[in-house]
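Tertiary structure, described
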Amino acid sequence: MRELLRLETDRVLMIWRDAGSKPPSSVPGTHTPGRVAITPRRPGLTSIHTVVEGSEMKLPVVPLRIFEQRDYALYARVGGDARTVQITHRDPNIQLAIGSEDGGRSTFGRVNFGSQIGRTVFTVLVDARPELELELEVFPTKLDYATDYEEVLAEVQRVLTGLAFEYLRATFQLGLEVKAPNATELEWLLLLQHVVGDLENALRFIAARPSRGLTREPRLVHASRIRRVDSTVRAAVRRGRGSGPWLHREGRAPIRSRLAEHKARPTLDTPEHRWLAEQLRQCRRRIGQLLRLELTRPPSGRRRRTVDELRALEARLARLSDLEPLAAAEDPPPSGFASLQLIGAPGYREAYRQCLVLTLGLRIEGGPLRLSVKDLSELYESWCYLAVLRILSEETGSQIDPASLVAVKRSGLRVMLQRGRPTTVAFNQADARRVEVTYNRQFKGPDLLIPQSPDILITFRDGHWPAMHLVLDAKYRVDASPEYVANNDVPGPPQDALNVLHRYRDAIFDEQSPEARPLRSVVEAVAVFPSSVRPEQFKRARLWRTLDRIGVGAIPLLPGNLELLREWLRKALARGGWELADRSPRHAAIERAHDWRVAASLPVLIAVLRAQDPQQHLDWIRSSRMYYMPKTDTQMRQFMAAKIALYSPARLASSPGPGSVTHVADVQSIDVVARSEISTPWPPTRGDQLQVCYQLGPVEALEHPILNRDAAGRGQRMSSHRWSSMLALRRAREIRELLLETEPEWRLLETLRARGAKFSFDPLRPGLVDTDNPRGRAWFEIDARRARYAGASGFAIQDSAHPARFVTDIEQACAFLVGA
């Protein structure tokens, strides 16, 4: 392990090593120097021998960089006459990683700050007394500390300062108190911890030198002790008021032994003391509420330390409330109370100022306060959400202030963006389109085995289209391994983060009734990650290309690198409902099913070549691009044919074998002419007969000829044309399968074959297909049972013992046929 820092005094040696397997790397362009401050804490300690990366340095500040998400090894041992050494840290998670041995003569540990950024302080204790203090600064590795990190902090603080803070973390930033109209409980507690020492000093000064007031409240005293008889005393004597036995005086009326005296006397129950006592009561009440909330949360090392600190703070305030001037003030201060003494008198002035500080907020702008900041991964996620809102606001022309629309959840010492539907921010892009941005929306229900919670969800609600989503997942992790770069061209989010995008796209369903089969609703999913790679370079990377190709990819996103995210969002906003739908993930089977549904509605004429010379007939059709057949008044399909398929009853030179459908051509136009107007190598039988003449496109051979054979392998006579559908033409391998023109018939066929059933067909007379309610024209037969697709009525089934009846789905029809 590489030694970074060595500190040595006459009583202790401390070593800080880099435990990482590879040298640390930071973002290009980060030029902020490292900083380590070493402060002596033992009186009389003036000499600390300091070595930084092999070079001797002078105190108090030496340059050294410590990085996030990296292991560091600590070691210390005593010297001289010292007996024990400890390394302490305020964060209990860091403290747990540090142990000792040899009766406390040496201590060691391995620490990792995770994604916590900022300053951190370790204290070295020798024989339980502070020896020295080590203040380090933890740097980010994925963004620029002096620019990107500060902009992320500023953007989050612009919404609400408390969003950037966390209680009790390993690192801190320097901040100051500012005026804030909506300070959080966390800010209040941090301020209280900052001022409680000065507040205690001021209150104890007041207790030692209190300013007393005068009170004239009546007090019962013995009549003999009254020195000044005023009108109040005389009135009490006349009316016989007072208490105690009666005193009889010669020649005068009797009086009570104890009379009420209104004499001015000093008191500590003043409005100033009442005001200060009320401030302490409010502080204790708020701490009690925070303490109760923290005790309900899952236990952890940090949680226990937080509870201990809250209890200690509450006990400290309780002791201050017991000070004589404050204990004497039991009632609340007068309404609208103001006092020059509270503002200007010694002690009172300082206490008043500290209480006013508690009404302020905080700001990370440098200052005397040590403020724990959220992990950078959480800050980055919040900033990404705010960046998306700002870009959509600019692109849609909706001038909004995210701070006024973003919902924030306050729960004691936790301040975070509200998750789920309540945080939805809507943008009206056009009259019929609404774009909604939701933070951490959770999808759950009976169709989801695991709830799905993408970080950012952009929803397009476009007229009559169902909701279509874009998913963004903020990942403060970057994989820069050679294997990753070789596969994706640039560093990017880890493989598991990309796998999550595929899961979101497949597992998030459209909002519909629970009875319907779930439908996917995510169009594209992208991971945003911290990187300053140039846009023109990243556009050549695989992570960007796959986003356009399959709808899953990644985009670099930092305060100074918003161009690609803006471009991606701009493209999405420019697409209408149709275009967005076209970019939705496709399933090969669903696409094929859609194509076959369309094909089922297109009639196909199965034309029979001349038996005398089928090759001559085929060559004429190819050269003339024409086919004709007698016009009939009963077959309206003649004018609706989309394709002509050619059947040869005998072998062809180009396709030897049994009779089969061998060629197909598109119908380009349809005319009605007399047979005599059609020139053919063979003479017409009736020249005046009207013919339906089809003008064809190129005549092409089928990849798989449709053979004329039945279930037993025998051929059947086929001397005249037949009608079928494009679906049957694409799927059939035998002539009998051309009878199945509709999708439900093919579904039944596949189901029967999957169950190994042997069946035959009984065709009906061909007729015009009702496109709104197509029906099958072939009975499926197994022994004495048979079934036929009957359109909207389902399947008609019958056997020798029962007349035709109807069932609703294929499973019932199949079960009937196979006798299940």
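Everything discussed here concerns the structure shown above.
Residues numbered from 1 in each chain as written. Predicted model: local features only at pLDDT ≥ 70, side-chain atom pairs only at ≥ 80, totals over all residues. Heavy atoms only, no water.

A few points about the packing of helix α3 (residues 185–208) against helix α6 (residues 301–321)
Selection criterion: As a rule, the C-alpha atoms of each element are fitted with a line to give its axis, helices using only the stretch in contact, and angles between N-to-C directions run from 0 to 180 degrees. Counting from the N terminus, the helices are the DSSP runs of H or I reaching at least four residues and the strands are the DSSP runs of E reaching at least two. The scheme is simple: roughly parallel for angles under 35 degrees, roughly antiparallel for over 145, roughly perpendicular for 65 to 115, oblique for anything else. Each crossing gets its handedness from the near helix: less than a right angle anticlockwise from the far helix is left-handed, clockwise is right-handed. The contact criterion used is simple: two residues touch if any of their non-hydrogen atoms lie within 4.5 Å. Residues are sorted three ways: Asp, Glu, Lys and Arg are charged, Ala, Val, Leu, Ile, Met, Phe, Trp, Tyr, Cys and Pro are nonpolar, and all the rest, Gly among them, are polar.
Interaxial distance between α3 and α6 falls to 11 Å at its minimum, and their mutual angle equals 25 degrees. The angle between the axes of α3 and α6 places the two elements in the roughly parallel class. Considering the relative orientation of α3 and α6, their crossing is left-handed. Residue-level inspection shows Leu-189, Leu-192, Gln-193, Val-196, Gly-197, Glu-200, Leu-203 and Arg-204 of α3 in contact with α6, the latter providing Glu-309, Leu-310, Leu-313, Arg-316, Leu-317 and Leu-320. Of the residues in the contact of α3 with α6, the class split is eight nonpolar, two polar and four charged.

A closer look at a nonpolar patch on the surface
The test is simple: Residues form patches when they are more than 30% accessible in relative terms and have no salt bridge. Like charges link within 9 Å. Nonpolar side chains (Val, Leu, Ile, Met, Phe, Trp, Tyr) link within 5 Å. Here the accessible surface of atoms and residues is derived via Shrake-Rupley with a 1.4 Å probe, and residues count as covered only by protein chains that are part of the display. Only one rule defines a salt bridge in this text: a Lys or Arg side-chain nitrogen within 4 Å of an Asp or Glu carboxyl oxygen. Working definition: with a 1.4 Å probe on protein chains only, accessible area under 20% of the residue-type maximum means buried, over 50% means exposed, and in between means partly exposed.
Taken together, Met-636, Phe-639, Met-640, Val-672 and Leu-690 make up a surface patch of nonpolar side chains, about 440 Å² in accessible area. For Phe-639, the location among the structural elements is in the loop between β31 (626–630) and β32 (643–648). Judged by its relative accessible area of 36%, Phe-639 is partly exposed.

A closer look at the pairing of strand β11 (residues 106–111)
Heads up, the condition is: Note: two strands are recorded as paired if DSSP finds a minimum of 2 bridges between them.
Pairing analysis gives six bridges linking strand β8 (residues 72–78) to β11, with the strands arranged antiparallel. The residue of β11 that forms the bridge with Leu-74 is Gly-109. Where strand β10 (residues 98–101) meets β11, four bridges bridge the pair, whose relative direction is antiparallel. Pairing of Ile-98 across the sheet is with Gly-109, part of β11.

Let's talk about the packing of helix α5 (residues 271–295) against α6
It is the contact of α5 with α6, at a shortest axis distance of 10 Å, that shows an interaxial angle of 160 degrees. For the element pair α5 / α6, the angle class is roughly antiparallel. Considering how the two elements wind past one another, α5 and α6 form a crossing that is left-handed. Between α5 and α6, the residues in contact are Leu-280, Cys-283, Arg-284, Ile-287, Leu-290, Leu-291, Glu-294 and Leu-295 and Arg-303, Thr-306, Val-307, Leu-310, Arg-311, Leu-313, Glu-314, Leu-317, Ala-318, Leu-320 and Ser-321, respectively. Broken down by class, the residue content of the contact of α5 with α6 amounts to 12 nonpolar, two polar and five charged.

Examining unusual backbone geometry
Positioned with a positive phi, Glu-53 is a non-glycine residue whose angle comes to about 50 degrees. Here Glu-53 lies in the loop between β4 (49–52) and β5 (55–57). The phi dihedral of Asp-102 falls on the positive side, at around 55 degrees, and the residue is not glycine. One can find Asp-102 in the loop between β10 and β11. According to the relative accessible area criterion, Asp-102 is exposed, its value standing at 56%.

Description of the packing of aromatic side chains
Using the following cut-off: The rule is short: rings of Phe, Tyr and Trp, with Trp giving its six-membered ring, pair when the centres are within 6.5 Å, and they are stacked under 30 degrees, edge-to-face over 60, tilted in between. The rule for a charge over a ring is simple: NZ of Lys or CZ of Arg within 6 Å of the ring centre, and within 35 degrees of the ring normal.
All chains considered together, the criterion is met by 18 aromatic pairs. For the ring pair Tyr-380 and Tyr-476, a centre distance of 5.9 Å and an interplane angle of 50 degrees mean the geometry is tilted. Placement of Tyr-380 in helix α10 (residues 376–396) and of Tyr-476 in the loop between β27 (468–474) and α12 (482–488) is noted, with a sequence separation of 96 residues between them. An identical accessibility class is assigned to Tyr-380 and Tyr-476; each is buried. Between Tyr-385 and Tyr-439 the ring centres are 5.2 Å apart and the planes differ by 40 degrees, which places this aromatic pair in the tilted class. Here Tyr-385, found in helix α10, pairs with Tyr-439, found in strand β25 (residues 433–439); they are 54 residues apart in sequence, far enough to count as distant. Summarising the burial analysis for this pair, Tyr-385 and Tyr-439 share the class buried. The rings of Trp-16, Tyr-72, Phe-113 and Phe-122 are connected pair by pair, giving a single aromatic cluster. The cationic tip of Arg-65 hangs over the ring face of Phe-139; the distance from NZ or CZ to the ring centre is 5.0 Å. Taking NZ or CZ as reference, Arg-788 lies 5.4 Å from the ring centre of Trp-779, over its face.

Observations concerning the sheet that holds strand β38 (residues 778–782)
One open sheet holds the five strands; their spatial order is β37-β38-β39-β40-β41, and the pairing between them is antiparallel. Strands with a single pairing partner mark the edges of an open sheet, and in this sheet they are β37 (760–763) and β41 (802–807). Each strand axis lies, on average, 25 degrees off the axis of its neighbour in the sheet, ignoring direction. Its contacts with the sheet put helix α21 (residues 743–754) on β37, β38, β39 (785–789) and β40 (795–799), and the angle it makes with β38 is roughly 15 degrees. Sitting on the sheet, helix α22 (residues 810–818) touches β38, β39, β40 and β41, and the angle it makes with β39 is about 160 degrees.

So, the state of the cysteines
The cut-off we apply is this: Disulfides are defined as pairs of cysteine sulfur atoms found within 2.5 Å of each other.
In this structure the tally under the stated criterion is zero disulfides. The cysteine Cys-283 is free of any disulfide, with Cys-355 supplying the nearest cysteine sulfur at 6.5 Å. By relative accessible area, Cys-283 is classed as buried at 6%.

Things to note about the pattern of salt bridges
A complete count under the given rule lists 54 salt bridges for this structure. Of the charged contacts, one joins Arg-297 and Glu-294 as a salt bridge, the two residues approaching to 2.8 Å between their closest N and O atoms. Taking relative accessible area as the criterion, Arg-297 reaches 16% and is therefore assigned buried. Looking at Glu-294, the relative accessible area reads 2%, which means it is buried. When the shortest N-O distance is used, the salt bridge between Glu-734 and Arg-736 registers 2.9 Å. Take Glu-734 and Arg-736: they sit in the same class, and that class is buried. When salt bridges that share partners are traced, they join Arg-2, Asp-18, Glu-53 and Arg-70 into one network.

Notes on the sheet that holds β25
Pairing is mixed in the open sheet, where six strands are placed in the order β24-β25-β26-β27-β28-β29. Single-partner strands in this sheet number two, and they are β24 (425–428) and β29 (552–556). Pairwise comparison of adjacent strand axes, ignoring direction, gives a mean angle of 20 degrees for this sheet. Note: β25 against strand β26 (residues 456–462), seven bridges, orientation antiparallel.

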